[in-house]
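Spelled out from the first residue to the last, the chains are:
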Amino acid sequence: MSLTLESGLAQIRFETLAECSVTRARAGLLHTAHGTIETPVFMPVGTQATVKGLTQRDLHDDLQVGILLSNTYHLYLRPGHELIARLGGLHRFMSWPNAILTDSGGFQVFSLSGMRRIDEDGVVFQSHLDGSTHRFTPESTVDVQLALGSDIQMVLDECPEYPVSHEYARESMHRTVRWARLAGARFRERMRALSTVHALFPIVQGSMFPDLRRECAEALLELDTAGYAVGGLSVGEPRPLSLDMVEATEGILPRGRPRYAMGVGMPDELPEYVARGIDMMDCVLPSRNARNGYLFTSQGRVIIKHARYKEDERPVDPKCTCYTCTSYSRAYLRHLFQSGEILYSALATRHNIQRYLDIMREIRHAIISNSFPEYLRCVRSASAEAE
Ligand SMILES: [Zn+2]
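Because the structure is a prediction, the values reported are computed rather than measured.

Looking only at helices and strands, the protein chain has 15 helices and 19 strands in total. Relative to the 2.2 N^0.38 estimate, which gives 21 Å for 387 residues, the radius of gyration of the protein chain is 21 Å and therefore close to what a compact globule would have. The principal-axis extents of the C-alpha atoms in the protein chain amount to approximately 60 × 50 × 45 Å. Counting over 387 residues, the protein chain shows a buried share of 57%. In the protein chain, the proportion of contacts linking residues at least 24 apart, taken out of those at least 6 apart, comes to 67%. Accessible surface, the protein chain as shown: approximately 15,900 Å² in total, 49% of it carbon and sulfur.

Take a look at the structure:
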């Protein structure tokens, strides 16, 4: 199923099924060329075309992931988007049947690359792998993402660090808007010759200044895109500020299109974003923290190396139905972690991703059953540490 925008392009389609009567939360369906996704949705991060430690069968059959995220910057540098295109595109290359969202690489250029130089036409940067010099432009990142064949693509944006001056944030935000126009024009031009369905989301920037965020969102509306992303979050700012920035543009971004908050958040923050009208989120926390021994449970966190779990026969989370929790004890996971075994990472990642997906399912159920405000109150009063 697809939506035909005023521009005449076939796009992904978003359908709202239920709206919270108190907050801005909504539950919906996102129809893509690679399946329909229930929203709000959490997208596991597969930076290098893999969610570290999990097979695609784990993600698809066991965890029932409908969409995952991959990184343009990393795949462009290695193995290269042209190689992936020659091998049939990213879905085929990584054997993933469901939807894929790719970022534009902007965030990685600004956070990973040793050297970068921004001008009005794009950014020149050095690879963090071998120091080689590359250039991303709004147009080239559309071409790279189309070569990958991702369902939902992001425009190249500038993601300023935190904090920056209002003056710099304003200049940077205007550049992001200009780049979004250029990327949008390239995308429309390329799509005319393609029979496949893709969407390109522009990204709201403006650092931590609500006036710039609003100005940016207003300017991006003219692009009439199938969805909108809110970027520049989780760059070191206090957490309440990130939520304020999402709130600043909620009333401007069209209600009929999905909104994606990039790179957030902790489990207790997921419903906070949803309450502010967010439909899609991604974060490396569940997988990265899993590998570091930090497990999220319905009763709070479990730091698996703690001696208190040495002889603990209970599963990580007694309420969780994942393979890890239905098969193994905390004592065994602690042993694997302490021994540096590969299996630990696989089992821990599987559980943490399941926890995030479960939270999104709980949120969605609460919205549909009209009990989301109550759900939000419970999350806010819950303690952080598991028994
Ligand atoms: Zn589990």
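Back to the write-up after that little detour.
Reading across from one edge, S7-S8-S12-S13 is the order of the 4 strands in this open sheet, with parallel pairing throughout. A strand with exactly one partner marks an edge of an open sheet, and here the two such strands are strand S7 (67-71) and strand S13 (199-201). Each neighbouring strand pair of the sheet contributes to a mean axis angle of 25°, computed without reference to strand direction. Packed onto the sheet, helix H6 (residues 138-148) meets strand S8 (99-103), strand S12 (152-154) and S13 and runs at close to 160° relative to S12.

The two faces of a sheet get side chains in turn, since along a regular strand they alternate between them. The pairing of strand S18 (residues 294-297) with strand S19 (residues 300-303) spans 4 bridges and is antiparallel. Its bridge partner being in S19, Thr297 is matched across the sheet by Gly300. The antiparallel hairpin formed by S18 and S19 contains 2 residues in its connecting segment.

With that settled, the discussion passes to the coordination of the zinc ion. Coordination of the zinc ion by the protein comes from Cys320 (SG), Cys322 (SG), Cys325 (SG) and His351 (ND1), over a distance range of 2.1 to 2.3 Å. Its 4 donor atoms give the zinc ion angles of 96 to 120° at the centre, a pattern that matches the tetrahedral case. Positions of the donor residues of the zinc ion, expressed as sequence spacing, correspond to C-x1-C-x2-C-x25-H. For Cys320, a relative accessible area of 7% gives the class buried.

Next up on the list: the nonpolar core. In this structure, Tyr260, Met280 and Phe372 are the most contacted members of the largest nonpolar core, which totals 74 residues. In this structure, Val51, Leu54, Val65 and Val123 belong to the second largest nonpolar core, which totals 26 residues.

If you walk through the whole model with that rule in mind, you get 27 salt bridges. Linking Arg255 and Glu19 is a salt bridge whose minimum nitrogen-to-oxygen distance equals 2.8 Å. Pair noted here: Arg255 is in the loop between helix H9 (239-250) and strand S16 (259-261) and Glu19 is in strand S3 (residues 13-19), with a separation of 236 residues, a long-range link. On the basis of relative accessible area, Arg255 is assigned to the partly exposed category, the value being 24%. Take Glu19: its relative accessible area is 47%, and that puts it in the partly exposed class.

Its boundaries defined by the atoms lining it, the largest pocket holds a volume of some 880 Å³. Phe107, Gln108, Gly263, Asp282 and Val284 are the residues nearest the centre of the largest pocket, which is lined by 43 residues in total. Among the secondary structure elements, those contributing two or more residues to the lining of the largest pocket are S7, helix H5 (106-111), H9 and helix H11 (285-291). Residues belonging to the lining of the largest pocket are distributed by class as follows: 16 nonpolar, 18 polar and 9 charged.

Quick notes on the rules
Residue numbers here run from 1 along each chain, matching the order of that chain's written sequence. In keeping with the model being predicted, local features are shown solely for residues with a pLDDT of at least 70 and side-chain atom pairs are shown and tallied solely at 80 or more, while totals for entire chains, interfaces and linings include all residues. Where side-chain values are given, they derive from all heavy atoms of the structure, hydrogens and water being excluded. The helix and strand labels rest on DSSP assignments: H or I over at least four residues marks a helix, E over at least two residues marks a strand, and numbering proceeds from the N terminus. In this description the radius of gyration comes from C-alpha coordinates, and the expected globular size is given by 2.2 Å times residues to the power 0.38. Between buried and exposed lies partly exposed: a residue is buried under 20% and exposed over 50% of the maximum accessible area for its type, with that area taken using a 1.4 Å probe on protein chains only. Contacts: residue pairs with any heavy atoms within 4.5 Å of one another. Areas reported here follow the Shrake-Rupley algorithm with a probe of radius 1.4 Å; residue values treat only the protein chains shown as occluding. Being paired, for any two strands, means DSSP has found at least two bridges between them. Angles here are taken between N-to-C directions and fall from 0 to 180 degrees, while the axes themselves are lines fitted to C-alpha atoms, restricted in helices to the stretch in contact. Coordinating N, O and S atoms are those within 2.8 Å of the metal (3.2 Å for Na, K and Ca), and as water is not part of the atoms, a site may appear to have fewer donors than expected. Metal sites are grouped by the angles between bound donors: all angles between 85 and 135 degrees with four donors is tetrahedral, opposite donors over 155 degrees apart with the others between 65 and 115 is square planar for four donors and octahedral for six, and any other pattern is irregular. Side-chain atoms within 4.5 Å are what join buried Ala, Val, Leu, Ile, Met, Phe, Trp, Tyr and Cys residues into a set we call a nonpolar core. For salt bridges, the criterion is a side-chain nitrogen of Lys or Arg within 4 Å of an Asp or Glu carboxyl oxygen. Each cavity reported here is a set of points on a 1 Å grid over the protein atoms alone in which a 1.4 Å probe fits but cannot get out, each pocket an open set with protein on both sides within 12 Å along at least five of seven lines, and each lining residue one with an atom within 4 Å of a point. Grid points are joined across faces, edges and corners, and a volume is the space filled by probe spheres set on the points. Residues are grouped as follows: Ala, Val, Leu, Ile, Met, Phe, Trp, Tyr, Cys and Pro are nonpolar; Asp, Glu, Lys and Arg are charged; all remaining types, including Gly, are polar.

Function cannot be read off these values alone, since they describe shape.
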